[in-house]
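A structural walkthrough
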Amino acid sequence: MGIDFHSQENRVTYTTRTANHSWINAIKDLVPIENISKAVDIGCGGGIYSKALSDMGVSMVTGVDFSEPILEGARENCKEYKNISFKHGSAFESGLATNSADLLLERALIHHFEDLPACFDEAYRILKEDGFYIVQDRTPADCLIEGSDTHIRGYFFEVFPRLMEKETKRRHDSQTVVEGLRAAGFKDIQEITLWETRKLYETRDQLLQDLSERTGRSILHELDNNELKLLLNHIDEAIKRETNIVEKDRWTIWKAVK
């Protein structure tokens, strides 16, 4: 099964949130954002984090994605941002100029492929000397945390253990990422763990509706409709809060310098 990123049905699935201050503050701690003129967001999805970079003060942001329908959604989502542009390309062949970016972001991207060296080599090529590379993804350890009123994702794997097997197999451990960055030529590699606030739901029903639509959650596309209903029933019974549910996800972020 799995999500079809090239389907028009999923055009806006990654446009429905805004980047939370927890992410913004983490990036500001890692990168001197006031010195960043040009940023690239590869695997930009619906442009959520392209917007955030612009709002943080970056003068020019280029979003790159391999899906034309997803890019259509991103352009619509960011239509008020005249300093954000979008380009069809990939982490291996971005089509961007060499030595052209001060900052390159790849959020929730590297688990989609195995060829990290090609990805990291392309990032190194794009960045200017002393440019910053931010890679954000989940390690296998990040995926093993139990479900709770804040960590909703944990319930997915509690109900369907096969999802956990799929999830951990497609994730890269930290050592692999760090060694790959070093091999590509990056220096000053730093790793942090971030509990990023995903979204605030005023009511439990809002959360369940969001889950039922699989909004921005590729892992839920592995479930058929009946399985999804079972999961929603489980979460409905498991979480204790009725209102003001703050959903958080745990991520690992690697910062490297060219």
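Given the structure is predicted, the values throughout are model-derived calculations rather than measurements.

1. Quick look at the packing of helix α8 (residues 204–212) against helix α9 (residues 225–238)
Between α8 and α9, the least distance of the axes is 10 Å, while the angle of their chain directions is 160 degrees. In terms of orientation, α8 lies roughly antiparallel with respect to α9. By crossing handedness, the relation of α8 to α9 is classed as right-handed. Residue-level inspection shows R204, L208, L211 and S212 of α8 in contact with α9, the latter providing L228, L232, I235 and D236. Partitioning the contact of α8 with α9 into residue classes produces five nonpolar, one polar and two charged.

2. Considering the nonpolar core
Ranked by size, the top nonpolar core spans 30 residues in total, and within it W23, I36, L53, L103 and I134 carry the most contacts. Sorting the residues of this core by element identifies α1 (21–30), α2 (48–55), α3 (68–77), β3 (84–88), β4 (101–107), β5 (127–137) and β7 (243–257) as the ones contributing at least two each. In this view, W23 contacts Y49, A52, L53, M56, L105, R107, Q136, L194 and E196; residues no more than four positions away in its chain are not counted. Formed by 25 residues, the second largest nonpolar core is a distinct cluster that contains L104, A123, L127 and A256.

3. Focus: the pattern of salt bridges
Pairing between side chains of opposite charge can happen when the charged atoms of each approach one another. Going through the model one piece at a time under the given rule, you end up with 20 salt bridges. We note a salt bridge from E167 to R153, for which the minimum N-O separation is 2.5 Å. Here R153 lies in helix α5 (residues 153–159) and E167 lies in helix α6 (residues 161–169), a separation of 14 residues in the sequence. Accessibility assignment for this pair places E167 and R153 in one class, buried. Of the charged contacts in the structure, one is a salt bridge between E167 and R170, with a shortest N-O distance of 2.8 Å. The burial state of E167 is the same as that of R170; both residues are buried. One salt-bridge network, in which partners are shared between bridges, spans D137, R153, E167, R170 and R171.

The rules behind these values
- Residues numbered from 1 in each chain as written.
- Predicted model: local features only at pLDDT ≥ 70, side-chain atom pairs only at ≥ 80, totals over all residues.
- Heavy atoms only, no water.
- Axes fitted to C-alpha atoms, helices over the stretch in contact; angles between N-to-C directions.
- Helix = DSSP H or I, 4+ residues; strand = E, 2+ residues; numbered from the N terminus.
- Parallel < 35°, antiparallel > 145°, perpendicular 65-115°, else oblique.
- Left-handed = near helix turned anticlockwise from the far one by under 90°.
- Contact = heavy atoms within 4.5 Å.
- Nonpolar A, V, L, I, M, F, W, Y, C, P; charged D, E, K, R; others polar.
- Core = buried A, V, L, I, M, F, W, Y, C linked by side-chain atoms within 4.5 Å.
- Buried < 20%, exposed > 50% of the residue type's maximum accessible area, 1.4 Å probe, protein only.
- Salt bridge = Lys/Arg side-chain N within 4 Å of Asp/Glu carboxyl O.

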